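# Structural characterization, general
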Amino acid sequence: MEVEMKIRGLMMDPVTNMPIVILKDANGGQILPIWVGIYEANAIALEIEKVSTPRPMTHDLIKNVLLGLETGVRKVVVSELRDDTFYAVIWLERGGEIISIDSRPSDALALALRLDCPIYVEEQVLKTSKSTANVSDKVTNEELRRWLEGLNDEDFGRYKM
């Protein structure tokens, strides 16, 4: 079963100095941090802030190619957590055909933002992630910061891009 999520924000891991994308359950209150690369975090941040670039960035190019091929993105799914690495699938639709594309979560999220498509996480991923937390719907930035600061070094260093 898939759980719909929204991007809550980006943070820096104080231990590894790597960016973290924070996903939050759209209905309940689960949070899933996913460590990403600097460039992918930048691509996500540019779209969150609606910053225009003089030339298309990689994820903008992918969006333009998909639109040019009349291919829609139905959803992106963080589908698996294996050996401390997250995996994702981008679900495309073209001419009535559904196509699944293997992806890194960071790229799938950057594309989802650009195409305004839903983001899901497989329930099993939420269950197996030690860094998943149940929080109320009214989590403040301060509460989220305190929760992330409460994670230990093992939690921060656990997940790979």
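The following paragraphs examine the structure supplied in this document. Because the structure is a prediction, the values reported are computed rather than measured.

Definitions and cut-offs
Note that residues are indexed from 1 along each chain, following the sequence as it is written. Only residues with pLDDT of 70 or above have their local features reported here, since the model is predicted, and side-chain atom pairs are shown and tallied only from 80 upward, although totals for entire chains, interfaces and linings are computed over all residues. As a rule here, side-chain values come from all non-hydrogen atoms in the structure, and water together with hydrogens is ignored. Here a strand is any run of E in DSSP of at least two residues, a helix any run of H or I of at least four, and the numbering for each starts at the N terminus. Here the term buried applies to any residue with accessible area under 20% of the maximum for its type, exposed to any over 50%, and partly exposed to those in between, with areas from a 1.4 Å probe on protein chains only. Only the protein chains shown count as cover for residues, and the accessible areas themselves come from Shrake-Rupley with a 1.4 Å probe. Here is the rule: rings of Phe, Tyr and Trp (six-membered ring for Trp) pair when centre to centre is within 6.5 Å. Planes less than 30 degrees apart are stacked, more than 60 are edge-to-face, and the remainder are tilted. Placement of a charge over a ring requires the Lys NZ or Arg CZ to be within 6 Å of the ring centre, with the centre-to-atom vector within 35 degrees of the ring normal. By nonpolar core we mean a set of buried residues, namely Ala, Val, Leu, Ile, Met, Phe, Trp, Tyr and Cys, connected to one another through side-chain atoms within 4.5 Å. Residues are treated as being in contact if the distance between any of their heavy atoms lies within 4.5 Å.

### A look at the overall build of the protein chain
The helix and strand inventory of the protein chain stands at 6 helices and 8 strands. Shown N-terminal to C-terminal, the secondary structure of the protein chain runs as helices and strands in the order β-β-β-α-α-β-β-β-α-β-α-β-α-α. When the 161 residues of the protein chain are sorted by exposure, 42% land in the buried category. Accessible area of the protein chain: about 9,000 Å², with a carbon and sulfur share of 50%.

### Section: the packing of aromatic side chains
Applying the stated criterion to the full structure yields 0 aromatic pairs. Between Lys75 and the ring centre of Tyr120, over which it is positioned, the NZ or CZ distance is 5.6 Å. Arg82 extends its terminal NZ or CZ atom over the ring of Tyr87, reaching a point 4.2 Å from the ring centre.

### Things to note about the nonpolar core
As a rule of thumb, soluble globular proteins bury nonpolar side chains together. Of all hydrophobic cores here, the largest spans 30 residues; its most connected members are Met5, Leu23, Leu32, Val73, Val76 and Val121. The element best represented in this core is helix 3 (residues 105-115), accounting for 5 residues. For Leu23, the contacting residues outside a window of four places in its chain are Met5, Lys6, Ile7, Arg8, Gln30, Ile31, Leu32, Ile34, Val78, Leu109 and Val121.

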